[in-house]
Amino acid sequence: MNMTIKNPKGTLDSKELVAKAREMIPFLREMDEKTNAMRRPPEEIRMRLKADGLSRIWQPKRYGGAEGSLKDGADLLRAVAGGCGSTGWILVQNTLHNLMLANWPVQAQDEIWGEAPDALVSGILIPGIGKATHVEGGYKLSGRWPFVSGVEIADWVIFTGDRKTEDGEEELHFVVPKSHLTILDTWYTIGLRGSSSHDVVLTDQFIPQHMTVTMNDLKGNGRSPGAKVNTAPLYQIPPYSIFGSLMIKVLRSKGILEMAVLVGVDPNSDGLARAKRMGIATTAEGIDGLRRLPDYADVGVVFDATSAGGHRKHAKILDADGKLAIDLTPAAIGPFVVPSVNLDEHIGGRNMNMVTCGGQATVPIVAAISRVAPVQYAEIVASISSRSAGPGTRANIDEFTETTSHAIEVVGGAKRGKAIIILNPAEPPLMMRDTVFALTEAGHEDAIKASVQRMMEEVQKYVPGYRLKQAVQFDPVPDRILPQIGVEAGKPMMKVSVFLEVEGAAHYLPAYAGNLDIMTSAALRTAERVVTMQGERAA
């Protein structure tokens, strides 16, 4: 079906959009108080975003979008965030979900952008929450999703949901009109107060088939239905290799582990090609290919960096086969494990989850502070080079924040946790940077400094490039702010600020990819410790 796109103004220009974003800064600052009071951008901002077309910087040209570069998009987002952090964060969702939407079937794109090319698309991509049932013509979707940033000003929202199959579960992505949602008033916070990140509910909502894609569709390299018409490199980005890095780390380890096989699904991947050149067994047939290999019986540890949906399927098989699964996906079937904090608590388990790169970098610091004084609230900001963020990271930013926030509480010990990720487009690429803010009782400054230093030394044992950028900082917190985050006024409180940098070991990935290095290093440390402990017990 051909459709005439209603876009009389023609195609947008990404450089002009960046200029409009910079011009918008004074207006956003002027509206800041109103935005925070309403806990969402007021109508004036919503209309300005639409009129200027800022969310359309990564929208395909066939709908009048700019189809701009990743750098132009990052420049635009940086400018808007400089005027209002909350609006900037919402626009991150709008631009990235437009980029995702370009992978949907053409019928879905036409339905959304054909009549309203300026539609604002938000979303939350946390696996395991939504439940989908296949029905004639599509699916019925139910669930309650948290932290749907910008939902009150959005036109459409993207969700994930799992459906049961004969082989386990399949992870699907759905795009839904906002009018079908029930929005719950749940967003009360200090940071990004105006981001309208409320919980939303769907109950047996019918989603047409053409409004659905699979996780596999979103893995780049032209797999998706939309990539057949949106052929620009922006919509063909291949995944960033993490398994190649992990393979090299195992080979360079202390002899505790032996590299047996590298498993993939793309026979042309760089990681598989390199493994073959090094004489390592490989298979491009996934877990089924692994289980057919003659040496599979000797495999004791399996590192899984596929996807949350993929790991949920793999976990059952690996557990039945008696293998230890080190999970580098957000599936979180097993407990969160941060080696410097809680690894020994989970020795003996069959499945261990590595949280996220931001979690591995920041949860140790929250835990170090919690060991001295109760942490009422902790907020982390992880900034990584955009070059080290593949499409999986870009498409699952909300998933990253939810998982990391939960780990800050469960492992770090904070009463409440919050996480933010920033993709930094700077050239040359910058190292991973992480900032930790913690709210705790005043009067423990020296003890907190000492505890943070001890924790730094623990993490450096397996991530040598993990370091403080400056001394730990302490600032008093006014009583009037405390009730806004559920803390009773009375006791003197202080904000603890810790600034970190993570440099990768550059064994396989570049040194600036500290986000990937800390994940693979944590996974390796976990496996080595488990195997060592098993050996000691056997002796």
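This paragraph deals with the overall build of the protein chain. On a plain count of helices and strands, the protein chain comes out with 17 helices and 19 strands. Radius of gyration (C-alpha) of the protein chain: 23 Å, near the 24 Å computed for a compact globule of 539 residues. Residues counted as buried form 57% of the 539 residues belonging to the protein chain. Once local pairs closer than 6 in sequence are excluded, the contacts in the protein chain between residues at least 24 apart make up 72%. When the accessible area of the protein chain is evaluated, it comes to approximately 22,000 Å², of which 50% is carbon and sulfur surface. Side-chain charges in the protein chain split into 58 positive and 62 negative, and the spacing between the mean points of these groups amounts to 2 Å.

Moving on, we get to the packing of helix 13 (residues 357–370) against helix 15 (residues 397–410). Packing of helix 13 against helix 15 brings their axes to within 9 Å, and their N-to-C directions diverge by 25 degrees. In terms of orientation, helix 13 and helix 15 fall into the roughly parallel class. As for the relative orientation of helix 13 and helix 15, their crossing is right-handed in sense. When helix 13 is examined against helix 15, the residues Cys357, Gly358, Gly359, Val363 and Val366 are found in contact with a partner set consisting of Phe400, Thr404, Ala407 and Ile408. Broken down by class, the residue content of the contact of helix 13 with helix 15 amounts to 6 nonpolar, 3 polar and no charged.

Quick look at the sheet that holds strand 13 (residues 351–353) now. Whether parallel or antiparallel, the strands of a sheet pair through hydrogen bonds between backbone atoms. What the 3 strands build is an open sheet, ordered 11-12-13; its pairing is parallel. The open sheet is flanked by strand 11 (301–304) and strand 13, the only strands paired with a single partner. Each neighbouring strand pair of the sheet contributes to a mean axis angle of 15 degrees, computed without reference to strand direction. For strand 11 and strand 12 (residues 324–327), the ladder comprises 4 bridges, and the chain directions are parallel. Residue pairing for strand 12: Phe303 is matched across the bridge by Ile326.

Here we come to the nonpolar core. In terms of nonpolar packing, the biggest core is built from 97 residues, with Leu54, Leu76, Ile326, Met354, Ile365 and Tyr466 touching the most fellow members. Judged by nonpolar contacts, the second largest core, of 34 residues, contains Ile112, Ile124, Val176 and Leu218.

Here we come to unusual backbone geometry. Residues other than glycine predominantly adopt negative phi, and peptide bonds predominantly adopt the trans conformation. One non-glycine residue, Glu67, lies in the positive phi region at around 50 degrees. Examined against the element boundaries, Glu67 turns out to sit in the loop between helix 4 (43–52) and helix 5 (70–83). In this structure, Phe147 is a non-glycine residue whose phi angle is positive, near 55 degrees.

Right, let's talk about the pattern of salt bridges for a bit. Within this structure, the stated rule accounts for 22 salt bridges. Here Lys71 makes a salt bridge to Asp75, at a shortest N to O gap of 2.9 Å. Of the two residues, Lys71 and Asp75 both sit in helix 5, 4 residues apart, roughly one turn of that helix. A relative accessible area of 44% means that Lys71 is categorised as partly exposed. The exposure class of Asp75 is buried, given its relative accessible area of 11%. The network of salt bridges with common partners includes Arg433, Arg467, Lys469, Glu501 and Glu503.

Moving on, we get to the environment of Thr182. With respect to the secondary-structure elements, Thr182 resides in strand 6 (residues 182–184). Note on Thr182: relative accessible area 44%, which makes it partly exposed. Ignoring anything within four residues of it in the chain, the contact list for Thr182 reads Asp199, Val200 and Val201.

This part takes up helix 13. Look at helix 13: 20 Å from first C-alpha to last across 14 residues, which is about the 20 Å you get at 1.5 Å a residue. Maximum bend of helix 13: about 30 degrees, positioned at Val363, with proline Pro364 one to four residues after it. Of all 14 residues in helix 13, 13 are buried; the element is thus mostly enclosed.

As a further point, take the side chain of Lys50. When you line up the elements, Lys50 lands in helix 4. Judged by relative accessible area, Lys50 falls into the buried class, the value being 15%. Among all residues touching Lys50, those that are not within four sequence positions of it are Asp118, Ala119, Leu120 and Asp155.

To continue, consider the environment of Ala419. On the secondary structure map, Ala419 appears in strand 15 (residues 417–424). As for Ala419 and Leu257, which are separated by 162 residues in sequence, their C-alpha atoms are 33 Å apart.

The rules behind the values
Residues numbered from 1 in each chain as written. Predicted model: local features only at pLDDT ≥ 70, side-chain atom pairs only at ≥ 80, totals over all residues. Heavy atoms only, no water. Helix = DSSP H or I, 4+ residues; strand = E, 2+ residues; numbered from the N terminus. Rg over C-alpha atoms; globule rule 2.2 N^0.38 Å. Buried < 20%, exposed > 50% of the residue type's maximum accessible area, 1.4 Å probe, protein only. Contact = heavy atoms within 4.5 Å. Areas by Shrake-Rupley, 256 points an atom, 1.4 Å probe, with all protein chains shown as cover. Lys, Arg positive; Asp, Glu negative; His and termini not counted. Charge placed at Lys NZ, Arg CZ, Asp CG, Glu CD. Axes fitted to C-alpha atoms, helices over the stretch in contact; angles between N-to-C directions. Parallel < 35°, antiparallel > 145°, perpendicular 65-115°, else oblique. Left-handed = near helix turned anticlockwise from the far one by under 90°. Nonpolar A, V, L, I, M, F, W, Y, C, P; charged D, E, K, R; others polar. Pairing = 2+ DSSP bridges. Core = buried A, V, L, I, M, F, W, Y, C linked by side-chain atoms within 4.5 Å. Salt bridge = Lys/Arg side-chain N within 4 Å of Asp/Glu carboxyl O. Expected span 1.5 Å × (residues − 1). Bend = angle between axes of the 7 residues up to and from the residue.

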